[in-house]
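# Structural overview
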Amino acid sequence: MQSSPERATGGMATTGHGHSSGHLPRSAVPLEPMTSTEMITVIIADDHPLVRFAVRQSLEAENDIEVLGEARTGKEIVDLAHDLRPDAVVLDYRMPVMDGMSAARIIAQELPGVSILMLTAEEDPVLVEEAIRAGIHGLVQKSDRADVLPHRVREAVVGRSGLRVTVEPERIRHLGG
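Okay, so let's go over this structure. No experiment lies behind these values; they were computed from the predicted model shown. Positions within a chain are numbered from 1, following the residues in the order the chain's sequence is written. Residue-level local features of this predicted model are given only where pLDDT is at least 70; pairs of side-chain atoms are given and counted only at 80 or more, and the full residue set underlies all totals for whole chains, interfaces and linings. For the side-chain quantities, the full set of heavy atoms in the structure was used; hydrogens and water were omitted.

Quick look at the overall build of the chain now. Each helix is a run of H or I in the DSSP string that is no shorter than four residues. Each strand is a run of E no shorter than two, and both are numbered from the N terminus. Along the backbone of the chain there are six helices and six strands. When the helices and strands of the chain are listed from N to C terminus, the series reads β-β-α-β-α-β-α-β-α-β-α-α. Burial status across the chain gives 47% buried among its 177 residues. Here a residue-residue contact requires only that any non-hydrogen atoms of the pair lie within 4.5 Å. Long-range contacts, defined here as pairs at least 24 residues apart, represent 67% of the contacts in the chain between residues at least 6 apart. Relative accessibility under 20% of the residue-type maximum defines a buried residue, over 50% an exposed one, and the middle range a partly exposed one, all with a 1.4 Å probe and only protein chains included.

So this is what it looks like as structure tokens:
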């Protein structure tokens, strides 16, 4: 995709160019790449510019995913989600000002149609429990291959869980209350 002047900032929340086709209903998004007229819109947040760049590259390599903007803090991603109304948000677990889990809770509550995926280096089953409670649709390990992220975005947008860490059954029973 061509870069736009709005994207060139020093790590602050940025937006890309809009897409005229709008958002797709969840039921219309297959797991395989879609045609160029059916785009999944995404915003990303990480406090490390290199990670944001890698995430953007991984997603924009797909012909059915468009990155609308970037943020470096949890607060910025919440504001960007309200402004842009993407299909999905990909955010880091640890960020300044507001962490990813707190930002995810707000986005899930205030924008329930937005799918949320969390990037993490953590491999803790307790994190999965917290993610479920926060309304996160998928976890992506920072050690995963680059092609995993677009696949998980598609899964989340069609309503399939991307929570791949095993949680003991007795702990799952306690998640609802």
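With that settled, consider the environment of glutamate 66. Positionally, glutamate 66 belongs in strand S3 (residues 65-71). Once the C-alpha coordinates of glutamate 66 and aspartate 87 are considered, the two residues, 21 residues apart in sequence, prove to be 9.9 Å apart.

With that out of the way, let us pick up helix H3 (residues 100-110). Those residues of H3 lying buried are Gly100, Met101, Ala103, Ala104 and Ile107. All buried residues of H3 project into a common sector of 155° when viewed along the axis, lining one side. Taking the backbone nitrogen of methionine 101 as reference, a side-chain oxygen 3.2 Å away marks aspartate 99 as the first, capping residue of H3. Arc definition: directions from the helix axis to the C-beta atoms. Under the rule applied, a polar contact is a pair of N or O atoms within 3.5 Å (in protein, one hydrogen donor and one hydrogen acceptor; residues adjacent in sequence only if both atoms are side-chain atoms).

Glycine aside, a negative phi is what most residues show, and trans is what most peptide bonds show. Although it is not a glycine, arginine 85 sits at a positive phi angle of roughly 50°. With respect to the secondary-structure elements, arginine 85 resides in the loop between helix H2 (74-84) and strand S4 (88-92). Exposure remark for arginine 85: the relative accessible area of 46% places this residue in the partly exposed category. Despite not being glycine, valine 97 shows a phi value in the positive range, around 70°. Accessibility expressed as a relative area gives 69% for valine 97, which makes it exposed.

With that settled, the discussion passes to the pattern of salt bridges. Pairs can form between side chains of opposite charge once their charged atoms are near each other. The salt bridge criterion pairs a side-chain nitrogen of Lys or Arg with a carboxyl oxygen of Asp or Glu, the two atoms within 4 Å. Tallied over the full model, the rule gives 12 salt bridges. Between glutamate 60 and arginine 56 there is a salt bridge; the shortest N-O distance is 2.9 Å. One end of the pair is glutamate 60 and the other is arginine 56, both in helix H1 (residues 49-60) and four residues apart, which spans about a single turn. For glutamate 60, a relative accessible area of 16% translates into the label buried. Its salt-bridge partner being arginine 152, residue glutamate 155 comes within 3.7 Å of it at the nearest N-O pair.

With that out of the way, let us pick up the packing of H2 against H3. The geometry of H2 relative to H3 is characterised by a closest axis approach of 9 Å and an angle of 15° between their N-to-C directions. Between H2 and H3, the angle is such that the two are roughly parallel. Between H2 and H3 the crossing geometry is right-handed. Contacts from Gly74, Ile77, Val78, Ala81 and His82 of H2 reach H3 at Ala103, Ile106, Ile107 and Glu110. Any residue outside Ala, Val, Leu, Ile, Met, Phe, Trp, Tyr, Cys, Pro, Asp, Glu, Lys and Arg is labelled polar, Gly included; the first ten of those are nonpolar and the last four are charged. When its residues are assigned to classes, the contact of H2 with H3 shows six nonpolar, two polar and one charged. Axes, fitted as lines to C-alpha atoms, cover a helix only where it is in contact. Angles between the N-to-C directions of the axes lie from 0 to 180 degrees. Small angles under 35 degrees read as roughly parallel and large ones over 145 as roughly antiparallel, with 65 to 115 read as roughly perpendicular and the rest as oblique. Each crossing gets its handedness from the near helix: less than a right angle anticlockwise from the far helix is left-handed, clockwise is right-handed.

A few words now on the nonpolar core. Formed by 27 residues in total, the largest nonpolar core has its most connected members in Ile43, Ile77, Val89, Leu91, Met101, Ile107 and Ile136. Sorting the residues of this core by element identifies strand S2 (40-45), S3, H2, S4, H3, strand S5 (115-120) and helix H4 (125-134) as the ones contributing at least two each. Apart from the residues within four sequence positions on either side, isoleucine 77 is in contact with Ile43, Ile44, Ala45, Ala71, Val89, Leu91, Ala103 and Ile107. By convention a nonpolar core is built from buried Ala, Val, Leu, Ile, Met, Phe, Trp, Tyr and Cys residues, the set being connected through side-chain atoms within 4.5 Å. Counting residues in hydrophobic clusters, the runner-up holds 16 residues, among them Ile65, Ala88, Leu117 and Val153.

Turning next to the layout of surface pockets. Method remark: on a 1 Å grid restricted to protein atoms, a set of points is classed as a cavity if a 1.4 Å probe fits but cannot get out and as a pocket if it is open with protein on both sides within 12 Å along at least five of seven lines; lining residues have an atom within 4 Å of a point. Grid points are joined across faces, edges and corners, and a volume is the space filled by probe spheres set on the points. Here the largest pocket is characterised by a volume of approximately 210 Å³. Examining the composition of the lining of the largest pocket, we find that four residues originate from one element, H1, more than from any other.

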